[in-house]
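Understanding the architecture of this molecule
Here is how the chains run, residue by residue.
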Amino acid sequence: QTDYRESETQTQPWAPPYIAHGRTTPEVLRLEQLTWGNGLPPGQHEVEIVERLRMKQAWEAQLPPLDTEVNIKKRFKLIADMEKSDWEFREKEIEEIHNERMKKSEQLLEQHMLLNRTRLTYRMAFLEDDINKRKEKKLELIHRDKERALRKLCMKEKGYNPKRHKKNIVDEHLHRTSEMYAPMKRYGTSFKNKHEILAEKSITIGDEDIYALEEAVTFRPAFDYNRASQPKKQGELCVRETRWTIENLVKLHEDLQALRAKQDKNVDAFY
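Residues numbered from 1 in each chain as written. Predicted model: local features only at pLDDT ≥ 70, side-chain atom pairs only at ≥ 80, totals over all residues. Heavy atoms only, no water.

**Some points on the overall build of the protein chain**
Along the backbone of the protein chain there are 5 helices and 4 strands. From first element to last, N terminus to C terminus, the protein chain shows the α and β order β-β-α-α-α-β-α-β-α. Put simply, the protein chain has 271 residues, and 8% of those count as buried. A separation of at least 24 residues holds for 24% of the contacts in the protein chain among residues at least 6 apart in sequence. Carbon and sulfur atoms provide 56% of the accessible area of the protein chain, an area that totals close to 26600 Å². (Helix = DSSP H or I, 4+ residues; strand = E, 2+ residues; numbered from the N terminus. Buried < 20%, exposed > 50% of the residue type's maximum accessible area, 1.4 Å probe, protein only. Contact = heavy atoms within 4.5 Å. Areas by Shrake-Rupley, 256 points an atom, 1.4 Å probe, with all protein chains shown as cover.)

Structure (structure tokens):
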């Protein structure tokens, strides 16, 4: 039907009404319960239904007539066997449907559990990373406190108190382990003046003038006080206040008047 339609929309098949002529009913008319989407297109289960309908039709053809009592009993027995077979087939269908539903439920449950395990894994990894970072930070603080406590204990054992004892320049020159020869890393490059960086002027000194050491090596702070801005004196006018004088204002007024007169003259000449 799509060959002669303007659109390619596929509709569901339509079964027209029918009238069966003759004593026997065609086999295809026994498949009324199969519709499109509900048994059609056929599968393995639908093939089993068709085979069972054929077997039932052949079974009904073998039923004895209701003429004698023996035939009646035999007919009832065959009908009972047929109904029993139908119930067994129906129970088998119900069991297959139940198994299929259980299989799908297990698949959905497995997917849900896998998703939960994945989320839990990511969460545990995040928590483990966070805990490790905090642990490393605490260990670093503990190690720093330990080093500080060890330094204090060593200084206390030697009887040295930095609040009461001052540095001796002679001892620093005598001992090779002093900060003069082996400065501590936390104090930077300068071991004497830790609050500022000193600029050192180097000069070659000979053996003849040994006293030139004090004059050649001069220490001065890195901050240049000569270039520093000095505070302004009170009462001193700002440069912006003294920029325009009376003479400058008079000259500016005259220039503006001359420019205005020249502009008016050009306008009159144009008209």
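Don't stop here, the text continues.
**Topic: a nonpolar patch on the surface**
On the surface, a cluster of nonpolar side chains totalling about 510 Å² of accessible area is made up of Leu 120, Met 124, Phe 126, Leu 127 and Ile 131. Within the secondary structure, Leu 127 sits in helix 2 (residues 69-157). The class of Leu 127 is partly exposed, set by a relative accessible area of 36%. (Patch = residues over 30% accessible without salt bridge, like charges linked within 9 Å, V, L, I, M, F, W, Y side chains within 5 Å. Salt bridge = Lys/Arg side-chain N within 4 Å of Asp/Glu carboxyl O.)

**A few points about a negative patch on the surface**
Together, Glu 48, Glu 88, Glu 91, Glu 95 and Glu 96 give the surface a local cluster of negative charge. Take the negative patch: its biggest share by element is 4 residues, from helix 2. The topology assignment puts Glu 96 in helix 2. Among the residues examined, Glu 96 registers a relative accessible area of 38% and is labelled partly exposed. (Lys, Arg positive; Asp, Glu negative; His and termini not counted. Charge placed at Lys NZ, Arg CZ, Asp CG, Glu CD.)

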